[in-house]
Amino acid sequence: MNVLPASLLFPMRTVSGVGQVADLLAECAAFGKRGVLVHGGSLVAGGTLDRILAAKPDGAEVGTWQHPGGEPTLAHVDALREVLCKNPVDWVAAVGGGSVMDVAKAAAGLRDAPLPTVAYHDGEPIPSSNVAYVAAPATAGTGSEATMVSVLTNDDTGVKKSIRHPSHTARLVILDPALLKSCPPALIAASGMDAFTQAVESFLSRGATDLTDMLALQAVEDINNSIETVFNGGDDASREALLRGSFLAGLALSNARLGLVHGLAHPLGARFHFAHGLVCAVCLPLVLRYNREACSEKYAQLEACLGTDIEARVAALNHSMRIANPFAGKALEDRVAAVTETLASGSTKANPRDVDASAANDILDRLFSAN
Ligand SMILES: [Fe+2]
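Keep in mind that what you see is a predicted model, and the values were worked out from it rather than measured. (Residues numbered from 1 in each chain as written. Predicted model: local features only at pLDDT ≥ 70, side-chain atom pairs only at ≥ 80, totals over all residues. Heavy atoms only, no water.)

1. Observations concerning the coordination of the iron ion
Metal coordination angles in their ideal form are 109.5 degrees for the four-donor tetrahedron and 90 or 180 degrees for the six-donor octahedron. Bound to the iron ion are the protein donor atoms Asp194 (OD), Gln198 (OE1), His262 (NE2) and His276 (NE2), situated 2.1 to 2.2 Å from the metal. Written as a sequence motif, the donor arrangement for the iron ion is D-x3-Q-x63-H-x13-H. Placement of the pair is aspartate 194 in helix α7 (residues 185-204) and histidine 262 in helix α10 (residues 260-272), with a sequence separation of 68 residues. Judged by relative accessible area, which is 1%, aspartate 194 ranks as buried. Overall, the relative accessible area of 3% leaves histidine 262 in the buried class. (Donors = N, O, S within 2.8 Å, 3.2 Å for Na, K, Ca; no water. Helix = DSSP H or I, 4+ residues; strand = E, 2+ residues; numbered from the N terminus. Buried < 20%, exposed > 50% of the residue type's maximum accessible area, 1.4 Å probe, protein only.)

2. Some words on the pairing of strand β2 (residues 34-39)
In terms of residue burial, β2 counts as a mostly covered element, since 5 of its 6 residues are buried. Inspection of the sheet shows β2 paired to strand β4 (residues 91-96) by 5 bridges, in the parallel sense. Pairing of glycine 35 across the sheet is with tryptophan 91, part of β4. (Pairing = 2+ DSSP bridges.)

3. Description of the domain arrangement of the protein chain
Assigned domains of the protein chain: these are domain 1 (14-179) and domain 2 (185-368). Both sides of the domain 1 and domain 2 interface together cover about 1800 Å² of buried area, and 63% of this is carbon and sulfur. A per-residue breakdown of the area domain 1 buries against domain 2 is headed by Ala140, Lys160 and Pro177, which together make up 30% of the total. Seen at the junction of domain 1 and domain 2, the total is 0 salt bridges. Our count for the contact surface shared by domain 1 and domain 2 stands at 6 residue pairs in polar contact (both at pLDDT 80 or more). When contributions to the side of domain 1 that touches domain 2 are tallied by element, the ones reaching two or more residues are β7 (160-164) and β8 (172-175). Across the side of domain 1 that touches domain 2, the residue classes break down as 8 nonpolar, 7 polar and 5 charged. (Domains from an automatic or database assignment. Buried area = accessible area lost by both parts, 1.4 Å probe. Salt bridge = Lys/Arg side-chain N within 4 Å of Asp/Glu carboxyl O. Polar contact = N/O pair within 3.5 Å; in protein donor to acceptor, adjacent residues only side chain to side chain. Nonpolar A, V, L, I, M, F, W, Y, C, P; charged D, E, K, R; others polar.)

4. Quick look at helix α12 (residues 296-306)
Because the α-helix completes a turn every 3.6 residues, residues three or four places apart line up on one side. Where α12 is concerned, the buried positions are Lys298, Tyr299, Leu302, Glu303 and Leu306. Projection of α12 onto a plane perpendicular to its axis shows the buried side chains occupying an angular sector of 140 degrees, all on one side. The exposed residues of α12 that point more than 90 degrees off its buried face are Glu297 and Ala304. The inward-facing, buried residues of α12 contact α7, α8 (210-231), α11 (276-291) and α13 (310-320). (Arc of directions from axis to C-beta. Contact = heavy atoms within 4.5 Å.)

5. As for the sheet that holds strand β1 (residues 14-16)
Neighbouring strands of a sheet are bound in pairs by backbone hydrogen bonds; such pairs are parallel or else antiparallel. If you trace the 6 strands from one edge of the open sheet to the other, you get β1-β8-β5-β4-β2-β3, paired in parallel fashion. Either end of the sheet is taken by a strand with one partner, and the two such strands are β1 and β3 (61-66). Within the sheet, the average angular offset between the axes of one strand and its neighbour, ignoring direction, is 15 degrees. Where strand β5 (residues 132-137) and β8 come together, 2 bridges link them in parallel fashion. Considered in β8, the bridge of valine 134 is made with leucine 172. Each of β2, β3 and β4 touches helix α4 (residues 74-86); the most contacted strand, β3, lies at about 160 degrees to it. (Axes fitted to C-alpha atoms, helices over the stretch in contact; angles between N-to-C directions.)

6. What about the environment of serine 7?
Within the element layout of this structure, serine 7 appears in the segment before β1. Along the primary structure serine 7 and alanine 256 are separated by 249 residues, whereas in three dimensions their C-alpha atoms are 9.6 Å apart.

7. A look at the packing of aromatic side chains
The tally for this structure, following the rule as stated, stands at 5 aromatic pairs. Both rings, one in phenylalanine 274 and one in phenylalanine 327, keep their centres 5.2 Å apart while their planes meet at 80 degrees; by these two values the pair is edge-to-face. You can see phenylalanine 274 sitting in the loop between α10 and α11 and its partner phenylalanine 327 sitting in the loop between α13 and α14 (335-344), a full 53 residues away along the chain. For phenylalanine 327, a relative accessible area of 0% puts it in the buried group. Taken together, Phe272, Phe274, Phe327 and Phe368 form an aromatic cluster joined through their ring pairs. (Phe/Tyr/Trp six-rings, centres within 6.5 Å; stacked < 30°, edge-to-face > 60°.)

8. Some thoughts on the pattern of salt bridges
Applying the stated criterion across every chain yields a total of 20 salt bridges. Here arginine 271 makes a salt bridge to aspartate 334, at a shortest N to O gap of 2.9 Å. On the criterion of sequence distance, the pair formed by arginine 271 in helix α10 and aspartate 334 in the loop between α13 and α14 is long-range, its members being 63 residues apart. Its relative accessible area of 36% is what places aspartate 334 among the partly exposed residues. Glutamate 293 serves as the salt-bridge partner of arginine 353, at 3.4 Å between the closest nitrogen and oxygen. Of this pair, arginine 353 sits in the loop between α15 (346-349) and α16 (357-368) while glutamate 293 sits in the loop between α11 and α12; the two residues are 60 residues apart in sequence, bridging distant segments of the chain.

The following block contains the structure:
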């Protein structure tokens, strides 16, 4: 295994600490005086948005844009791009969950691009961006703050996939565990299991290196040790560990890629509109069982880190955080297309064990079985 990935990508700067988001606008002023703060509804309801805006430096011109909610779509990105084009900005800051960050990241990155977002989603080369992007995650999480990737759904076709460019990587990441306080338990559970899945999949990925393994294993340990505590109310230390684990998993996946859980999660998520983390949580045990024979040494490392069998631990986490399989007993109408999308996914190609249509169908059979 290589020590480093062939290409290594990290955010330019990361600051962390309780209350750190209060400095957001002062930090953003370093990128220019005009910017837009992108956020979700919970930031308004909890009063955090007002507290951030109250600390606006003299001379700064700061607009706000609220993400309408739901999984991020091309239409959301186009709507924000239009705002950014009408009011040229030096920076775009996202304070929110993965959806908020993915929409803001893509819109900032494509601000000066000539084509509609759908063209880049369909594979047109993405031009480099000069707009500074800043990310402060309010869930833990997708790890979006650590990556150049935006996962977006085309509402017209139902296709969910990513766009990416190195220039879309955050110039600044703010990790403030206090932002997790307003996260409801069900969201802590789903987004935390996304982060756990990402840590495990990047550790097992064909693209894993010594460096990403270090990040991924620390992420597994941090998330495993904190997620149930945060789900049950938590404290500063557990929120800090969960947010750190999510960020480290994002760094790991950004530089090692993922695996079959994420190859399945995008086509399933686009069809059923369940939360991404929920889909990951219920696919993970099935994929772990499938992959075990291909990477027994790495399973031993994971199980040494967890102190138990990994499949049993995932089942226990799902049970204790009341995550049930939402696919049980449902029908997957266009299974052939879903399998084709799964096999074409870059995540599936990074899976440590080869995946063919028969293997994907077998996992889908188990996932959709009523038992
Ligand atoms: Fe994910």
